[in-house]
Amino acid sequence: MVSPYTIHIPDERLATIQAKVAAYDWSQLPDTGGWRSGVGINDLKRLVAHWQGSYDWRRVEQRLNQLPNFKTEVEGERIHFIHVKGEGSKPPVLLLHGWPGSFLEFERLLEPLAADGHDVVVPSLPGFAFSNPITGVIGPRRAAELMHGLMVRLFGQTRYVVQGGDWGAHIASWMAYTQPEALLGFHINMVSIFAEDATPTTPEEKELFSRRAAILDWETGYNHEQETRPQTLGVAMADSPVGAAGWILEKFGKWADLPTTTDGSPDIWSKFSEEELLTNIMLYVAPSAVVTATWIYHGKRLEGSSRFPAGTRIRAPMGVAAFPDPVFLPTPRSFTEKTYNVVHWTDMTSGGHFAAWEQPDLMLTDLRAFIAAVSGERS
């Protein structure tokens, strides 16, 4: 059963969050300077000052409730999703976010895609935001089954298109592996999962993987912690809204395509407002999802779903929007084609990890082009 859903965080929960934010003792937080060793303290202070002085969750809640929010249960798991209905002339589109993003990433794509004729579905991933609580640890392969189940619930056997970045890309790739006939195609902006036996062979591939490995050595401590010890991290995250905000803000500062200030720090305010960042953070903190959202990393390790089996060849048509992500550098097309059936590829000039949020017009244009291509191929 699918039911309309109204977002409402209890007054007591909001009061607890506000009290903890106000009580944060900044004197206990030494500063190494700028963003060299993690989140920039001055930028975090700016965000928290806005949280205390200007941010109004009830006003935000009212705005979010103007979106068509729904909840359903798929195989025992509660799934929250946005469903904007088109007139049905085009295939349904499933848009999948990652961590530490949310359904908000796709807000500016909803109406244009619906106006094109698509039904547009944007879930909160299991354990994220209002897709919570969940029954236990859910990895990306299991999440792929649940997302397909949601689309079957809504559209029966109608084939659909999936777009995703970060975990959304990982989940979309597993959907293409397990349900190739259900998809008209999938369009992703982060290619990170390949057949076990795919190896770099060309000089370009080898150079890219070497350069990316050096960056990821510095930038993926969070991943190892969330993959191996999410429970211990959760003890701190559950009790500190400012701690959770710092953990999340760092990723927006390091992963988005941003100019830098004179000391080399990211100019995060050139792209994101305090209101946008806080609303995304509140979708973790307010519904007590900040802990369960990390479980997808643990689930990946438990499932062994970071690679496809050796010899895998994904048949479903794939589109790639290769945005210049500063950390997860775009994978060369030549290497991607060792595993995937690439029918559409665009090298983007700007936009980082949160591509649909950072560059919604570029994402919309590219997704439309991909949908046109696969609709023509498979009609």
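If you check an unreviewed UniProt entry, the chain appears there as Alpha/beta fold hydrolase from Pseudoroseomonas ludipueritiae.

1. A word on the overall build of the chain
A count of helical and extended segments in the chain gives 15 helices and 9 strands. For the chain, the C-alpha radius of gyration of 20 Å lies close to 21 Å, the compact-globule estimate for 379 residues. Counting all 379 residues of the chain, 57% fall into the buried class. Residue pairs at least 24 apart in sequence account for 81% of intrachain contacts in the chain once pairs closer than 6 positions are excluded. Surface accessibility of the chain: about 15300 Å² in total, with carbon and sulfur atoms responsible for 51%. A gap of 3 Å separates the mean positions of the 33 positive and 44 negative side-chain charges of the chain.

2. Some words on the packing of aromatic side chains
Under the defined criterion, the tally for this structure stands at 24 aromatic pairs. Seen from their ring centres, tyrosine 177 and phenylalanine 308 are 5.2 Å apart, and the 10 degrees between their planes marks the pair as stacked. Separated by 131 residues along the polypeptide, tyrosine 177 in helix α6 (residues 167-178) and phenylalanine 308 in the loop between α12 (295-303) and β8 (317-322) bring together distant segments of the chain. These aromatic residues form a ring-pair network of at least three members: Trp99, Trp167, Tyr222, Phe252, Trp255, Phe272, Tyr297, Phe328, Phe354 and Trp357.

3. Regarding the nonpolar core
Counting residues in each nonpolar core, the largest one holds 124 residues, and the members touching the most others are Trp51, Trp57, Met175, Phe186 and Tyr340. Dropping the residues within four chain positions of it, methionine 175 is found in contact with Leu94, Leu96, Ala144, Met147, His148, Tyr160, Val162, Pro180 and Leu183.

4. A look at the sheet that holds strand β9 (residues 341-347)
An order of β1-β2-β3-β5-β4-β6-β7-β8-β9 is seen for the 9 strands of this open sheet, with the pairing classed as mixed. The open sheet terminates on both sides in strands that have one partner only, identified here as β1 (2-4) and β9. Looking at each pair of strands side by side, their axes are set apart by 25 degrees on average, direction ignored. Contacts from α6 reach β4 (93-96), β6 (160-164) and β7 (183-188) within the one sheet, and its direction differs from that of β7 by about 155 degrees.

5. Details of the pattern of salt bridges
A complete count under the given rule lists 18 salt bridges for this structure. Of the charged contacts, one joins arginine 63 and glutamate 107 as a salt bridge, the two residues approaching to 2.3 Å between their closest N and O atoms. Residue arginine 63 is located in helix α3 (residues 57-64), and its partner glutamate 107 is located in helix α4 (residues 107-116); the two are separated by 44 residues in the primary sequence. The closest approach of N and O atoms between aspartate 116 and arginine 368, which form a salt bridge, is 2.7 Å. In this pair, aspartate 116 is assigned in helix α4 and arginine 368 in helix α15 (residues 360-378), connecting sequence segments 252 residues apart.

6. A look at the UniProt feature "domain: Epoxide hydrolase N-terminal" (unreviewed entry) in the chain
The residues that UniProt annotates with the feature "domain: Epoxide hydrolase N-terminal" (unreviewed entry) are residues 3-106. Spanning residues 3-106, this segment combines 33% helix with 19% strand, and its end C-alpha atoms are found 22 Å apart.

7. Describing the pairing of strand β5 (residues 120-123)
Of the two faces of β5, the one carrying Val120 and Val122 and the one carrying Val121 and Pro123 are both buried. Running through α4, the crossover from β4 to the neighbouring parallel element β5 is right-handed.

8. What about helix α1 (residues 11-23)?
Across its 13 residues, α1 extends 18 Å between first and last C-alpha, which sits within 8% of the 18 Å expected from 1.5 Å per residue. Buried within α1 are the following residues: Leu14, Ile17 and Val21. Burial along α1 is one-sided: seen end-on, the buried residues are contained in an arc of 60 degrees. Exposed residues lying more than 90 degrees from the buried face of α1 are Asp11, Glu12 and Ala23. Lining the buried residues of α1 we find α2 (41-53), α3, α10 (241-255) and α11 (274-285).

9. A look at the side chain of glutamate 250
In this structure, glutamate 250 sits in helix α10. Residue classification places glutamate 250 among the buried positions, given a relative accessible area of 18%. Apart from residues no more than four positions distant in its own chain, glutamate 250 is found in contact with Trp35, Gly38 and Val39.

10. Some points on unusual backbone geometry
Generally, phi is negative for residues other than glycine and the peptide bonds are trans, each holding for most cases. Across the junction of tryptophan 99 and proline 100, the peptide omega takes the value 0 degrees, indicating a cis bond. Topologically, proline 100 is positioned in the loop between β4 and α4. With an omega of 5 degrees, the peptide bond running from asparagine 132 to proline 133 counts as cis. Unlike most non-glycine residues, glutamate 75 shows phi in positive territory, near 50 degrees.

11. Concerning the packing of α6 against α12
For any two helices packed against each other, the geometry is given by the interaxial angle and the distance between the axes. Where α6 contacts α12, the axes come no closer than 12 Å and their chain directions differ by 35 degrees. Relative to α12, the crossing made by α6 is left-handed. Seen from α6, the contacting residues are Trp167, His170 and Ile171; seen from α12, they are Ile296, Tyr297 and Lys300.

Rules used throughout
Residues numbered from 1 in each chain as written. Predicted model: local features only at pLDDT ≥ 70, side-chain atom pairs only at ≥ 80, totals over all residues. Heavy atoms only, no water. Helix = DSSP H or I, 4+ residues; strand = E, 2+ residues; numbered from the N terminus. Rg over C-alpha atoms; globule rule 2.2 N^0.38 Å. Buried < 20%, exposed > 50% of the residue type's maximum accessible area, 1.4 Å probe, protein only. Contact = heavy atoms within 4.5 Å. Areas by Shrake-Rupley, 256 points an atom, 1.4 Å probe, with all protein chains shown as cover. Lys, Arg positive; Asp, Glu negative; His and termini not counted. Charge placed at Lys NZ, Arg CZ, Asp CG, Glu CD. Phe/Tyr/Trp six-rings, centres within 6.5 Å; stacked < 30°, edge-to-face > 60°. Core = buried A, V, L, I, M, F, W, Y, C linked by side-chain atoms within 4.5 Å. Pairing = 2+ DSSP bridges. Axes fitted to C-alpha atoms, helices over the stretch in contact; angles between N-to-C directions. Salt bridge = Lys/Arg side-chain N within 4 Å of Asp/Glu carboxyl O. UniProt positions renumbered as here; feature names shortened; annotations may be inferred. Right-handed = clockwise from strand over helix to strand, strands pointing away. Expected span 1.5 Å × (residues − 1). Arc of directions from axis to C-beta. Left-handed = near helix turned anticlockwise from the far one by under 90°.

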